[in-house]
Amino acid sequence: MPNSSDSLDLYAKVEDLLGVKEAAPGLYAHYLLFLNTQDFDSLLDVGCGSGDFLRQIQGALGISQVKGIDLSPFMVAQTLEQGYDAECIDLCDLDGTYDVITAVFDMVNYLNKEQLASFLSCVKDHLNEGGVFLCDINTLFGFENVAVGSFIVDDEDRFLAVDSDFENGEYISEFTLFEKGEHCFKKSQETIRQYYHTVDEIVKLSGFSLLQHDQVHLYELEESDKRFMVLQKI
Ligand SMILES: C[S@@+](CC[C@H](N)C(=O)[O-])C[C@H]1O[C@@H](n2cnc3c(N)ncnc32)[C@H](O)[C@@H]1O
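Residues numbered from 1 in each chain as written. Predicted model: local features only at pLDDT ≥ 70, side-chain atom pairs only at ≥ 80, totals over all residues. Heavy atoms only, no water.

1. Structural notes on the overall build of the chain
Scanning the chain for helices and strands turns up 7 helices and 11 strands. Here the C-alpha radius of gyration of the chain, 17 Å, is about what a compact globule of 234 residues would show, namely 17 Å. For the chain, the proportion of contacts with a sequence separation of at least 24, taken over those separated by at least 6, is 64%. Summed over all atoms, the accessible surface of the chain reaches about 11200 Å², with 48% contributed by carbon and sulfur. Taken together, the 15 basic and 42 acidic charged side chains of the chain have centroids lying 2 Å from each other. (Helix = DSSP H or I, 4+ residues; strand = E, 2+ residues; numbered from the N terminus. Rg over C-alpha atoms; globule rule 2.2 N^0.38 Å. Contact = heavy atoms within 4.5 Å. Areas by Shrake-Rupley, 256 points an atom, 1.4 Å probe, with all protein chains shown as cover. Lys, Arg positive; Asp, Glu negative; His and termini not counted. Charge placed at Lys NZ, Arg CZ, Asp CG, Glu CD.)

Below is the structure:
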């Protein structure tokens, strides 16, 4: 079942409570290290979130043309606020081609197997000849050991509870949010689904060649929790 824009928007409203922003620079470093060695003019970030990756990459590399897309209107609004070109659109419906396409911090895990096949075919359509696709995926260890369990957090205006479980390759996170209104708290509940994929599956489905494949230890545990990979359109 696809993640709805309502569920992606609820995640967008609480991402700052989840520790994601603190962990992200360690992951972005893998992308930056690779892109620093490349000569390219255009980059599309799919699942750009609030635009933090675009800000870091532009700050470091000053690329001529960068754009972000995301299916959460709330995320797109934040990327636009940061001053970057961004659109709430599915990759397959977008015009234009790019030298580099990125899908950073779990974006590919948001796709089930069927969506993944169609997504990779659209990545191919939107890459220039010889262009590269960079992404990261959660390992089985990451899903089973980092991401499951219950989590409660609050600040002055929000109370959030997240219950997550991983079973049969599917990671299900139930988000319950209470937001302070003028006279009462407003409750919203949404589910975010992620799906386990392997590097081999992505290579086979894309038909691209695998240029690089790193183990990522984002949370400094004994095993790697993510894989970072670079694929080239051939
Ligand atoms: C964990 S966030 C990462 C955001 C950002 N890349 C970062 O590094 O901060 C995953 C993002 O992917 C977006 N997303 C999920 N499925 C998507 C899809 N099919 N197309 C575009 N964006 C998607 C979500 O709305 C969310 O903003």
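2. Observations regarding the site of the ligand
Around the ligand, a shell composed of 17 residues is seen, among which Tyr28, Gly47, Asp70, Val104 and Phe105 lie nearest. One nitrogen or oxygen atom from the side chain of Asp70 is found 2.6 Å from an oxygen atom belonging to the ligand. The separation between a nitrogen atom of the ligand and a polar main-chain atom of Val104 is 2.9 Å. Here the ligand has 600 Å² of accessible area as a free molecule, and 95% of this is covered by the chains. Considered class by class, the residues forming the shell around the ligand number 12 nonpolar, 3 polar and 2 charged. (Near = heavy atom within 4 Å. Polar contact = N/O pair within 3.5 Å; in protein donor to acceptor, adjacent residues only side chain to side chain. Nonpolar A, V, L, I, M, F, W, Y, C, P; charged D, E, K, R; others polar.)

3. Brief notes about the pairing of strand β11 (residues 226-232)
Among the 7 residues that make up β11, 5 are buried, leaving the element largely enclosed by the rest of the structure. Here strand β5 (residues 127-138) runs beside β11; their pairing, made up of 7 bridges, is antiparallel. Paired with Asp136 across the bridge in β11 is Phe228. (Buried < 20%, exposed > 50% of the residue type's maximum accessible area, 1.4 Å probe, protein only. Pairing = 2+ DSSP bridges.)

4. Some points on helix α3 (residues 52-61)
When α3 is considered as a whole, its buried residues turn out to be Asp52, Phe53, Leu54, Ile57 and Gln58. Where α3 is buried, its residues touch α2 (20-35), β1 (42-46), β2 (65-69), α4 (73-81) and β4 (98-103). Gly62, located one to two residues past α3, shows a positive phi value of around 55°.

5. Some points on the pattern of salt bridges
Opposite charge on two side chains lets them pair, provided their charged atoms get close. One pass over the structure, following the stated rule, counts 12 salt bridges. The shortest N-O distance in the salt bridge between Lys67 and Glu87 comes to 2.7 Å. Remark: Glu87 occurs in strand β3 (residues 86-87) and Lys67 occurs in strand β2; sequence separation between them is 20 residues. A single network of salt bridges, built from pairs that share partners, joins Glu15, Lys21, Asp52 and Arg55. (Salt bridge = Lys/Arg side-chain N within 4 Å of Asp/Glu carboxyl O.)

6. Digging into the side chain of Ser7
Relative to the assigned elements, Ser7 resides in helix α1 (residues 5-14). A distance of 2.8 Å separates the side chain of Ser7 from the backbone oxygen of Ser4, its partner in a polar contact.

7. Considering the domain arrangement of the chain
Splitting the chain by domain gives domain 1 (5-140 + 197-232) and domain 2 (143-193). When each unit is reduced to the centre of its C-alpha atoms, the spacing between domain 1 and domain 2 is 23 Å. With 18 residues of domain 1 at the contact, the number on the domain 2 side is 19 residues. Looking at the side of domain 1 facing domain 2, the largest losses of area belong to Leu10, Leu17 and Leu140, adding up to 39% of the total buried there. At the boundary of domain 1 with domain 2, the tally comes to 2 salt bridges. In this structure, Glu179 and Lys13 form a salt bridge, with 3.8 Å as the shortest nitrogen-oxygen distance. Taken together, domain 1 and domain 2 are joined by 5 residue pairs in polar contact (both at pLDDT 80 or more). Classifying every residue of the side of domain 1 that touches domain 2 gives 10 nonpolar, 4 polar and 4 charged. (Domains from an automatic or database assignment. Buried area = accessible area lost by both parts, 1.4 Å probe.)

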